[in-house]
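The residues making up each chain are set out below.
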Amino acid sequence: MGQYSIFITAGTLKIPFLRLFDLAKQFGESDLVSHVVIQGVGAEKFFELVNGVEGHEFIDKTLMDSYYKSSDFIVSHCGVGSIVNSVALQKPTILIPRRECYEEHFDDHQMQIFDEVKQNELFLCCEMKEVSLELIFNFVGLTNEMPTGRGLGIVNEALQSYVGEYFSRIGVSTLE
Amino acid sequence: MSKYMLVVASSGGHLTQAMAASRRLNNKIVITNKKGVAALNTCDIEVCSHDTTTNILVHFKNLLIAISVFAKYDVTGLLSTGGPMCLPFIFLAKILRKKVFYMDTMSRTTDLSNTGKFVYKFGMYDEFIVQWPLVKEKYEGVICYGPIFNIYNSRDS
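Residues numbered from 1 in each chain as written. Chains lettered and ligands numbered in written order. Predicted model: local features only at pLDDT ≥ 70, side-chain atom pairs only at ≥ 80, totals over all residues. Heavy atoms only, no water.

1. Comments concerning the overall build of chain B
How we decide: Runs of H or I in DSSP of at least four residues are treated as helices and runs of E of at least two as strands, each being numbered from the N terminus. Between the two quantities, the radius of gyration covers C-alpha atoms and the globule rule is 2.2 Å times the number of residues to the power 0.38. Working definition: with a 1.4 Å probe on protein chains only, accessible area under 20% of the residue-type maximum means buried, over 50% means exposed, and in between means partly exposed. Residue contacts follow a heavy-atom distance rule, with two residues in contact if any of their heavy atoms lie within 4.5 Å.
Along its length, chain B carries five helices and seven strands. Along chain B, helices (α) and strands (β) appear in the sequence β-α-β-β-α-β-α-β-α-β-α-β when read from the amino end. In terms of overall size, chain B behaves like a compact globule, its C-alpha atoms giving a radius of gyration of 15 Å where 157 residues would be expected to give roughly 15 Å. Projected onto the principal axes, the alpha-carbon positions of chain B cover approximately 45 × 35 × 35 Å. Taken across its 157 residues, chain B has 59% of its residues classed as buried. Expressed as a percentage of contacts within chain B between residues at least 6 apart in sequence, the contacts between residues at least 24 apart total 47%.

2. Focus on the overall build of chain A
To keep it simple, the criterion reads: To measure how exposed things are, a 1.4 Å probe is used in the Shrake-Rupley method; for residues, cover is taken only from the protein chains shown. We count Lys and Arg on the positive side and Asp and Glu on the negative side, and we leave His and both chain ends out. Charged side chains are reduced to one point each, which is NZ for Lys, CZ for Arg, CG for Asp and CD for Glu.
Within chain A, the secondary structure is distributed over seven helices and six strands. When the helices and strands of chain A are read in sequence order from the N terminus, they spell out β-α-β-α-β-α-β-α-β-α-β-α-α. When its C-alpha atoms are laid out on the principal axes, chain A stretches across 55 × 35 × 30 Å. Taken over 176 residues, chain A has a buried fraction of 56%. In chain A, 58% of the contacts between residues at least 6 apart in sequence involve partners at least 24 apart. Summing over all exposed atoms, chain A offers an accessible surface of approximately 8300 Å²; the carbon and sulfur share of this is 50%. Within chain A, the 25 negative side-chain charges are centred at a point lying 3 Å from the centre of the 13 positive side-chain charges.

3. Some words on the environment of Lys118(A)
Residue and element names in this part refer to chain A. Summarising the element assignment, Lys 118 is placed in the loop between helix 5 (110–117) and strand 6 (123–125). When its relative accessible area of 46% is taken as the criterion, Lys 118 is described as partly exposed. Taking the C-alpha atoms as reference points, Lys 118 and Ser 132, separated by 14 residues in sequence, lie 18 Å from one another.

4. Some remarks on a nonpolar patch on the surface
Put simply, the test is: Without a salt bridge and with relative accessible area above 30%, a residue can belong to a patch; like charges are then joined within 9 Å and nonpolar side chains (Val, Leu, Ile, Met, Phe, Trp, Tyr) within 5 Å. Only one rule defines a salt bridge in this text: a Lys or Arg side-chain nitrogen within 4 Å of an Asp or Glu carboxyl oxygen.
Taken together, the side chains of Ile56(B), Leu57(B) and Phe60(B) define a hydrophobic patch exposed on the protein surface, amounting to about 370 Å² of accessible area. Looking at where Phe60(B) falls in the secondary structure, it is placed in helix 2 (residues 58–72).

5. A closer look at the packing of aromatic side chains
The test is simple: Stacked, tilted and edge-to-face are the three classes applied to pairs of Phe, Tyr and Trp rings, where Trp contributes its six-membered ring and a pair requires centres within 6.5 Å; stacked means planes under 30 degrees apart, edge-to-face means over 60, and tilted covers the rest.
Following the criterion strictly, the structure yields 22 aromatic pairs over all chains and no others. Ring geometry for Phe21(A) versus Phe46(A): centroids 5.0 Å apart, planes at 50 degrees, classification tilted. Of this pair, Phe21(A) sits in helix 1 (residues 18–29) while Phe46(A) sits in helix 2 (residues 43–46), and the two are 25 residues apart along the sequence. For Phe21(A), a relative accessible area of 1% puts it in the buried group. Seen from their ring centres, Tyr125(B) and Phe128(B) are 5.1 Å apart, and the 80 degrees between their planes marks the pair as edge-to-face.

6. So, unusual backbone geometry
In this structure, Gln90(A) takes a positive phi of about 55 degrees despite not being glycine. Looking at where Gln90(A) falls in the secondary structure, it is placed in the loop between helix 4 (80–89) and strand 5 (93–96). With a phi close to 60 degrees, Arg97(B) is a non-glycine residue in the positive phi region. Position of Arg97(B) relative to the elements: it lies in the loop between helix 3 (87–95) and strand 5 (99–103).

7. With respect to the side chain of Lys34(B)
Residue placement: Lys34(B) occurs in the loop between strand 2 (28–32) and strand 3 (45–48). Discounting residues that sit within four places of it in the chain, Lys34(B) has contacts with Thr12(A), Phe58(A), Ser11(B), Glu46(B) and Cys48(B).

8. Some details on the confidence of the model for chain B
Our working definition: Confidence of the predictor at the level of single residues is captured by pLDDT, which takes values from 0 to 100.
When the pLDDT values of chain B are averaged, the result is 91; 95% of them are 70 or greater. What the predictor reports for the complex is a pTM of 0.89 with an ipTM of 0.93.

9. Here's the deal with the interface of chain B and chain A
Inclusion rule: Here the quantity called buried area is the accessible surface, traced with a 1.4 Å probe, that two parts lose on coming together, added over both. Counting of polar contacts relies on pairs of N or O atoms within 3.5 Å, with two restrictions inside protein: one atom must be capable of donating a hydrogen and the other of accepting it, and residues adjacent in sequence are counted only when both atoms are side-chain atoms. Here the nonpolar group is Ala, Val, Leu, Ile, Met, Phe, Trp, Tyr, Cys and Pro; Asp, Glu, Lys and Arg are the charged ones; every other residue, Gly included, is treated as polar.
Taken together, the contact between chain B and chain A spans 57 residues of the former and 53 residues of the latter. Summing the contributions of chain B and of chain A, the shared interface buries around 4900 Å²; its carbon and sulfur component is 60%. Applying the counting criterion to the chain B and chain A interface returns two salt bridges. For the pair chain B and chain A, the number of links is 20 residue pairs in polar contact (both at pLDDT 80 or more). If you list the elements that add at least two residues to the side of chain B that touches chain A, you get strand 1 (4–9), helix 1 (13–21), strand 4 (75–82), strand 5 and strand 6 (127–130) of chain B. Counting residues per element, the side of chain B that touches chain A draws most heavily on helix 1 of chain B, which supplies five residues. Looking at the side of chain B that touches chain A residue by residue, the classes come out as 22 nonpolar, 22 polar and 13 charged.

10. Some remarks on the sheet that holds strand 5 of chain A
All names here are of chain A. Formally: Pairs of strands are assigned from DSSP output, requiring at least two bridges between the strands. Axis definition: a line fitted to C-alpha atoms, limited for helices to the stretch in contact. Angles are taken between N-to-C directions and run from 0 to 180 degrees.
The strand order across the open sheet formed by six strands is 3-2-1-4-5-6, and the pairing between neighbours is parallel. The outermost strands of the open sheet, each flanked by one partner alone, are strand 3 (53–56) and strand 6. Geometrically, the sheet is characterised by an average inter-axis angle of 15 degrees between neighbouring strands, direction not taken into account. Packed on one face of the sheet, helix 1 meets strand 1 (4–9), strand 2 (33–39), strand 3, strand 4 (73–77) and strand 5 and runs near 160 degrees to strand 2.

Dropping the structure here:
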């Protein structure tokens, strides 16, 4: 029985991220992995026949939060929602951008946030061609040795206040 | 009696940003293209719209949803972080002279998103926020407070 429980997400975009599915299959076959859950369009059907991987087309917020918390690490497309969840919960995360040339997105804009988030040691940012299970398990081992840290308070309060005051001025009530 | 605001964003990162930006506000009508994905406050209402990824005609179906929402609730303004599904809601809000607060997504660090470019070009906003200084430099009159989330916050920082 493997030691790692992994959550993989391709986001809510209705374009399949098939290269991520292939990676999920490799995890499913690894002796180091105990459980793999993958979420993304087409995943439910694709992984019906693949042993060791649980596929979901879509997961609501409550279930998504519980998978994030219970997993040892996350593998994700390079979307802001996934990045924010990982920072908030301080989960080691492998980020792989969807690329236009593989018809995984309309353009290559996931490379932009990919370049920014590289600075955060919680993330292993790599293109799919650079990924191997060995690289990922090494990275997760290293992050487990890092001190567990903050992660809370990641919202930009100045911007939140600006939005709050704007709508409060035009008659929307604020939380007590 | 408090008025309602619309929070319109496609599911995923756009919605996460819109919900964080509007966290301190109550009486939100949250409109997105999937059910059960938003973290709502007690007085918030969730409305499901159609996804526009595959079919542009869906904008017309979403316009009908926008009309029904504006007819049913006393809406004073709209916050959107984009995704093309937001356009009919923004369009109708402008027609009805409601305030439109557009915040372009933080996933675009060097230029506006396509939805952002459209909203900017046709002046479909009262307030236009961008999240990165590089984007601010390119567009006159936009405001920048930095990204809504600090994504640099690593374990040892």
